[in-house]
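Given next are the chains, with one letter for each unit.
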Amino acid sequence: MSDEKPPQLVDYFVVAGLAEGSRALEEEQQPRPARPGEPITDVAVIIRSQGEEVPQGFTCIETSTSGHPVDLNAGLLNNPQMFLCYKRGRDKPPLIELGVHYEGKDRPKPGCQLLDTTPYSRSANLAAGSPGHQRTFLTFRRAAEPPGHHTLGVTDICLVMPSKGESTPHTFCRVDKNLNTSMWGPALFLCYKIAVAKDNTLVYEAGLLSRYPEQDSESFPLPESVPVFCLPMGATIESWPVGTKYPLPVFSTFVLTGASGDKVYGAAIQFHEAFPRERLSEAQALRLGLLSVVDRRPVPGRSLHTRKSICVLSHWPFFDVFRKFLMFIYRYSISGPHVLPLETHISHFMHNVPFPSPQRPRILVQMSPYDSLLLCRPVSSPLPLSGASFLTLLQNLGPDNAVALLVAVLTEQKLLIHSLRPDVLTSVGEALVAMIFPLRWQCPYIPLCPLALADVLCAPVPFIVGIHSSYFDLYEPPRDVIFVDLDTNTIFQSEERKLLSPRALPRKPCKVLLASLHSLSQQLDELLSAPGEEEPPELVLSDAEAAGARRAQLELEARAAFLRFMACALRGYRSFLRPIAPAPAPAGRDAGSLFALQGFLRSRDRAYQRFYGQLLRTQLFTQFIEDCSFASDREPCLEFFDTCVDKVQVDLEKPEDTPLMELDDPRGGEHTVFITPPEQPAGPDGAEPPACYRYDGFPTLRPELLEPPRDPLVAQLCQARSSAPSSPAPRRTKQEMKVAQRVAQKSSAVPELWARCLLGHCYGLWFLYLPTQVRAAPAKLRALQLAYDVLRKMEQHKVVLPDEVCYRILMQLCGQYGEPVLSVRVLLEMKRAGIVPNTVTYGYYNKAVLESKWPAGTQGGRLRWAKLRNVVLGAAQFRQPLRQRQRQRAAGDPRGDGAAAAPRPPLHRQTTWAGRSLRDAVPAPRLVKSGSLSFPARSEGGAAREGPGEPPLLPVTPAPPAPRRPPGSADGSLSDIATDDSGGDEGPGGGPGAGAGGAGGVTPRRGLAAKLQQLLSPGKRPPRPSEPPRDPGGRRGSEQRDGDPPPPPRSRRSPGGTLLRPRERPESTASESSVSLGSELDLSDASGGSGGGAPKAPGEPCTDGGAGTEPPGLEVLLSSCSRCPGCAALVFDEELMAGWTSDDSNLNTSCPFCCRSFVPFLSIEIRDLRRAPSPPPVPPSPQGPVLSDRRRCLELDGTPGTPGTPGLCNGCAETPPPWRRERVAFAYLCPLVLRKELESLVENEGGELLARPELVDKHPIIFWNLLWFFQRLALPSQLPLLLLGSQHAPPDPQPPEPSRVRVRLLWDVLSPDPESCPPLYVIWRLHSSIPPRLHPWGPPARPFSLPFLEALLSHVGLNEVHKAIGLFLETLAAPGAPQTLHRSIYRELLFLTLAALGREHTDIAAFDRRYRSALAKLGGAPGRDELRRRRAQPPSARASECRRCFGAPPEC
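Residues numbered from 1 in each chain as written. Predicted model: local features only at pLDDT ≥ 70, side-chain atom pairs only at ≥ 80, totals over all residues. Heavy atoms only, no water.

Novice: I'd like a description of a positive patch on the surface, backed by residues and values.
Specialist: A cluster of basic side chains, namely Lys734, Lys738, Arg742 and Lys746, defines a positive patch on the protein surface. Position of lysine 738 relative to the elements: it lies in helix α15 (residues 734-747). When its relative accessible area of 40% is taken as the criterion, lysine 738 is described as partly exposed. (Patch = residues over 30% accessible without salt bridge, like charges linked within 9 Å, V, L, I, M, F, W, Y side chains within 5 Å. Areas by Shrake-Rupley, 256 points an atom, 1.4 Å probe, with all protein chains shown as cover. Salt bridge = Lys/Arg side-chain N within 4 Å of Asp/Glu carboxyl O. Lys, Arg positive; Asp, Glu negative; His and termini not counted. Charge placed at Lys NZ, Arg CZ, Asp CG, Glu CD. Helix = DSSP H or I, 4+ residues; strand = E, 2+ residues; numbered from the N terminus. Buried < 20%, exposed > 50% of the residue type's maximum accessible area, 1.4 Å probe, protein only.)

Printed below as a string of structure tokens:
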């Protein structure tokens, strides 16, 4: 397991300013002429027709921007010739706003003054010449006193006439009220510009003054350009008049984008501090006005200052938190003295403040007794994290301009955003990039561009750049750029670069977008213009919290509006993706080969072809197609977008009722981590230490004062662990979890769908475990092929898959182990199942196909060998009956078709390319994986093939038993056919073929066959259980159930007569039976009491089917049967499944009898057999008869054949009882709950934990539930072997050989109540002299006699189940009968039928139908309520469907 470093809140702390090597910026570039030096402080209106002249110091505006003469009331009949004048200076605060007031129609703005008279005391009414018109005046607003050096003010005024073709100049604000209110004359509008008017300033490129930490991080070194982003307008030296007020610190943000697309967010504050005059040269002093030009004397009354900045860099846009921290550090530097140095607070914040985690979503940082900040976990959203503010975008540009910018970004135009507020630039720039999700901006993106990097504006590529508006006072902007002025809410387009009209967008989606933005803009205005009445402080605080929550909701709705538009615009794009099916060409990553561009374009309306044509040619769309086609870190985002595409309806003219995004704010959590301020050092004698740290300016950081982390554990509060890089990411995306939850809720109402839903989640659990299984498998291809066969079976049985994780994991494993062909087959299987792969699955598929090595394209030789092999196999199959007849004649049967002749084998399709013969000598026993139930191995010469008159079977050679196969060639291999020449299915002694038993059984023909198969084996291999390899003599329980007949039972009385063997199935289906789905499990005979084979003594375990009859090292018994705490009834597995809910956090199920909710438990018994006593010396006979051949076993043992007598069997000692037993119980989890817990475990502790014994000890609930479900579905796993290294299996001091583990699943209880009456099937076994599996059963009740049981079975066998139910109810009312039954009447009759007739002869589904029909006949006699009270009702439809899909556990 690999640990990831927890997220770090702050990466670097930087101090930037004027460094020693800083170069001047204004000297290298050509500044614009006529730069304003002083702001406008006054405006006036003069009436020249009345003899008024321009006042002293004022400038009169006589022409428009293009030179046309202007008169403020030129349209009036008696024109008084009024003109506008303005004055510059610094003697008073500058003007910051101009306006026009219509008296009687408008209300004066707060803080604005009315210009109602001229300097000569006449009326300044602009409509004075027409008495019938409304009075019109100019208004102005002045900055507050006293003015600072950097106060914004009006720096220029102009008048424009739109009728003359004039437009508002760039960076000017236009007052949208006509100065000419008459019916005649051209319209005239007032425009003004706001800027920082300052002189006596030197601008230099900012440099790095200090930083912390001083060493670069390996993952993120400090960029060299950070200082110029901290001071985008440069580090300045400024000369102020004495007494000028210091400006407030200016907060700004910026974004740095790395080569891989990762964003780093910066937050900085700019401030001024004193600068020593001694550091200036004479030339600098002259430019700053500190020396007179003539005699070089110092000019009094001037002070010198410089601009500095402090900044933090982080990968998280916590701009509000960083602003509070930086302001605290700045205030700390200008106050004092202090006990602790400034460096202590900086290092404390960087080291000891953890990143908020889901467990602790709130971090409260107390920086000082008066300063604190609250750090909350980012809002959980499937969209990429960014510092975007869509409300700021709407507030500064409006809905119409926002849509126009959407067109500009989608068509990749050159956008230059500018404002006088640097903190707004980053918010709007991030919003422009985020509004086009799922597309990503691929061109240069600098939301706050420094002057030093202004050359990017001349780049010949599209860009989005934000810059301070004072840039236009210094330099000429390029002509092919679209300017976006956030201060004036205007977009300026040049003649060379015209935007597409918003009408080119799809009409209905664009209409819905505009309507949503207009509604949000109106709500935002209402929120910002809330009345400011005086209220109590507690109401003010609550209103602020409510306003913050409302603003967050509006932000979410604005983002959802743009998301809906993009979903409508790109709807249906997935159907035009082209998967890479054959071996990819060198140009496999080209967009044209990955996406049908022309087909997508033809699918759009012709009216929007121009827009879509430009969109498809952009780098945005090309990168989007690559992200959709290959695995990337954007998979969750793209998968979320696909769900949005499915939700939207393009033809609607209003948003859908279902929101695309939901606000998931984690700040409501109750867990808050409190971070205390840095501890102060103790003074002498415990007194308070002296305050000795005081700063004249912001200091250079001293490394010796920077403290190390105070508490290393605090930084690990949010320690994050992830899966190992070698394992596929098995965790579902949040959208897949939501979809799975909705599917489960819908399926819970339909019994069949609910059972399939549970089954689908169980197979999802196995596929989550599949990387661990494949990693441990020696044959990776076989393990992957097995998983593919599981997928095919799931599709054939219509298992409800809640998501695509099963396919996705298998695709990624195919890519990891270089199997692209199998990955293509998995994709075809998905399409066959009607599943359209989402972005995540599609990306893993293309990655596996593109990056894996494909096999050679020329396979002619292999195909020819395969054809030749098939011909040889076919000829051998035809010759095999002749050889059998010859062997029979040689054995003394003149007819050639004796009674003991084996049935003719059917012609099997070739299913294996294995090189080893199935009849070869079996290797030595190895560590056996218990992938499912294990049963005793049967030899080839068992009782199934034995004639009644044949002599006893004697062991001829001490060879291990060969696996049971159908007659003839089990898998059609050439080596099997070769052995037919030397021996048949039975040797002369009645045992297996002699060719397989002797050491010299390998003939030259067999060697040739093996060589042929080795040549052909690289092509295909059958799906077989993989790691670790089993002994060939052992079989998994499911193979025993489906592929082989059960052993004949012991003699007993049964109304069913002689039990016949079920029909044999082709061995080619053995691998399919191991993953049997959706049908009743073909289980072994329940009468045996121990899962197949002959009955055994109480507590004796069955052999594992490994080598010989050696018992396993551990035997595990599992049972899910749970007792209801309300009614004490036993609730069985299928009823527990039926009672589960679709809530993936609910552990309860419901009792089918009393409807009470309770938590079911898995009961586990672990039997340790590794220290059993040594058996008595007996002749070794590993090749002896099977346990079910009772007669031959008794002949060998020499003991009387008394039923139930323990003795020697197969020449081996009876399996001893376990020396150690342990019983535990853990909660039985619903597959939905278990999957959620398993995903969390893999994410937090890594996928390697599933392969270590620590899983058993640390997470027992997950382990035992996984083991139960994997065994139920007969899916291979390494889980049983983990028990050998856990605390449940103490280490054996002298292990003779690697131990094995066998798992047995029980249907009934594991620990019965000794005082309760045994169930009917146990009483039947006792009457049949068959020892029960469990000892502590109490004595049977007197009415439950053998005739009573036979009568019940007779009624059931004659299809008179209603008589059986009636007889049972009458017997329960008889004296001596038990007062209460823990099992229902249905369960008693079913188990009795299974015990008497055998599992293979009982159709449980037919029994259910007969039982329901019988219960309907009895419904009128005692009444349905009475039947239900006496627990006679059958299982519910959900329970029956769950049992039909999962099958019944193999043993009672």
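Text resumes after the structure shown.
Novice: Give a description of the packing of aromatic side chains that names residues and reports values.
Specialist: Under the defined criterion, the tally for this structure stands at 42 aromatic pairs. Measuring from centroid to centroid gives 6.4 Å for phenylalanine 318 and phenylalanine 322, while their planes differ by 90°, and the two rings are edge-to-face. Taken as a pair, phenylalanine 318 and phenylalanine 322 share a single burial class, namely buried. When the ring of phenylalanine 1263 is compared with that of tryptophan 1264, the centres are 4.9 Å apart and the planes differ by 75°; the resulting orientation is edge-to-face. Looking at tryptophan 1264, the relative accessible area reads 0%, which means it is buried. Put simply, the rings of Phe437, Tyr573, Phe576, Phe595, Phe600, Phe611, Tyr612, Phe621, Phe624 and Phe641 touch in pairs and so form one group of aromatic residues. Directly above the aromatic system of tyrosine 842 lies the positively charged group of arginine 574, at a separation of 5.5 Å from the ring centroid. Directly above the ring of tyrosine 612 sits arginine 604, whose terminal nitrogen or CZ lies 5.7 Å from the centroid. (Phe/Tyr/Trp six-rings, centres within 6.5 Å; stacked < 30°, edge-to-face > 60°. Lys NZ or Arg CZ within 6 Å of the ring centre and 35° of its normal.)

Novice: Describe the confidence of the model for the protein, and please don't skip the residues or the numbers.
Specialist: Of the residues in the protein, 71% reach a pLDDT of 70 or more, and the chain-wide mean stands at 74. For residues 27-34, every residue scores under 50 in pLDDT, and the model assigns this stretch 13 contacts once sequence neighbours within four places are set aside. (pLDDT = per-residue confidence, 0-100. Contact = heavy atoms within 4.5 Å.)

Novice: A description of the nonpolar core should follow, citing residues and the corresponding values.
Specialist: Of all hydrophobic cores here, the largest spans 258 residues; its most connected members are Phe13, Ile310, Leu570 and Trp1264. Those residues in contact with tryptophan 1264 that sit more than four places away from it in its chain are Val1116, Leu1118, Leu1162, Ile1164, Ile1166, Phe1226, Leu1283 and His1288. Of all hydrophobic cores here, the second largest spans 42 residues; its members include Tyr1321, Leu1349, Ala1364 and Tyr1386. (Core = buried A, V, L, I, M, F, W, Y, C linked by side-chain atoms within 4.5 Å.)

Novice: I'd like to hear about the pattern of salt bridges, residue by residue, with values.
Specialist: Summed over the entire model, instances satisfying the criterion amount to 41 salt bridges. For the salt bridge of arginine 122 with glutamate 52, the shortest nitrogen-to-oxygen distance reads 2.8 Å. Taken as a pair, arginine 122 in the loop between β6 (113-115) and β7 (136-142) and glutamate 52 in the loop between β2 (40-47) and β3 (58-61) lie far apart in primary sequence, 70 residues in all. On the accessibility criterion, arginine 122 (32% relative accessible area) is partly exposed. Two residues, glutamate 1239 and arginine 1235, come together in a salt bridge whose shortest N-O distance is 3.5 Å. Placement of the pair is glutamate 1239 and arginine 1235 together in helix α29 (residues 1231-1245), with a separation of four residues, close to one helical turn. Residues participating in the shared-partner salt-bridge network are Glu1115, Glu1165, Arg1167, Arg1221, Arg1223, Arg1302 and Arg1304.

Novice: Tell me what's going on with unusual backbone geometry, and back it up with residues and numbers.
Specialist: Glycine aside, the phi torsion of most residues is negative, and most peptide linkages are trans. Of note, the bond from tyrosine 212 into proline 213 is cis; its omega dihedral lies within 30 degrees of zero at -5°. Tracing the sequence through the fold places proline 213 in the loop between β12 (207-212) and α1 (226-230). Note that the residue after phenylalanine 437, namely proline 438, is joined by a cis bond; omega there is 20°. Note that proline 438 resides in the loop between α6 (422-434) and β20 (445-446). Here threonine 171, not a glycine, exhibits a phi torsion of approximately 70°, which is positive. Among the structural elements, threonine 171 can be located in the loop between β8 (152-160) and β9 (173-174). Of note in this structure, asparagine 489 is not a glycine but carries a positive phi near 60°. The topology assignment puts asparagine 489 in the loop between β22 (482-485) and β23 (490-492).

Novice: A description of helix α36 (residues 1385-1397) should follow, citing residues and the corresponding values.
Specialist: With 13 residues, α36 should cover 18 Å at 1.5 Å per step; its first-to-last C-alpha distance of 18 Å lies within 8% of that length. Taking burial as the measure, the 13 residues of α36 include 12 buried ones, the bulk of the element. On its buried face, α36 sits against α27 (1133-1139), α33 (1320-1327), α34 (1346-1357), α35 (1361-1373), α37 (1404-1418) and α39 (1437-1446). Phi turns positive, to about 95°, at glycine 1398, one or two residues after α36. (Expected span 1.5 Å × (residues − 1).)

Novice: Give a description of the pairing of strand β11 (residues 201-204) that names residues and reports values.
Specialist: What you see with β11 is no split at all: Thr201 and Val203 on one side and Leu202 and Tyr204 on the other are buried throughout. Pairing of β11 with strand β13 (residues 235-241) involves four bridges; the strand directions are antiparallel. Bridging from a neighbouring strand, leucine 202 pairs with isoleucine 237 of β13. (Pairing = 2+ DSSP bridges.)

Novice: I'd like a description of the packing of α36 against α37, backed by residues and values.
Specialist: Orientation of α36 relative to α37, taken along the N-to-C sense of each, is 140°, at an axis distance of 11 Å. Taken as axis vectors, α36 and α37 run oblique relative to one another. α36 and α37 meet at a crossing whose hand is right-handed. Here Ile1385, Tyr1386, Leu1389, Leu1390, Thr1393 and Leu1394 of α36 lie close against α37, whose contacting residues are Ile1404, Phe1407, Asp1408 and Tyr1411. Its residues assigned to classes, the contact of α36 with α37 shows eight nonpolar, one polar and one charged. (Axes fitted to C-alpha atoms, helices over the stretch in contact; angles between N-to-C directions. Parallel < 35°, antiparallel > 145°, perpendicular 65-115°, else oblique. Left-handed = near helix turned anticlockwise from the far one by under 90°. Nonpolar A, V, L, I, M, F, W, Y, C, P; charged D, E, K, R; others polar.)

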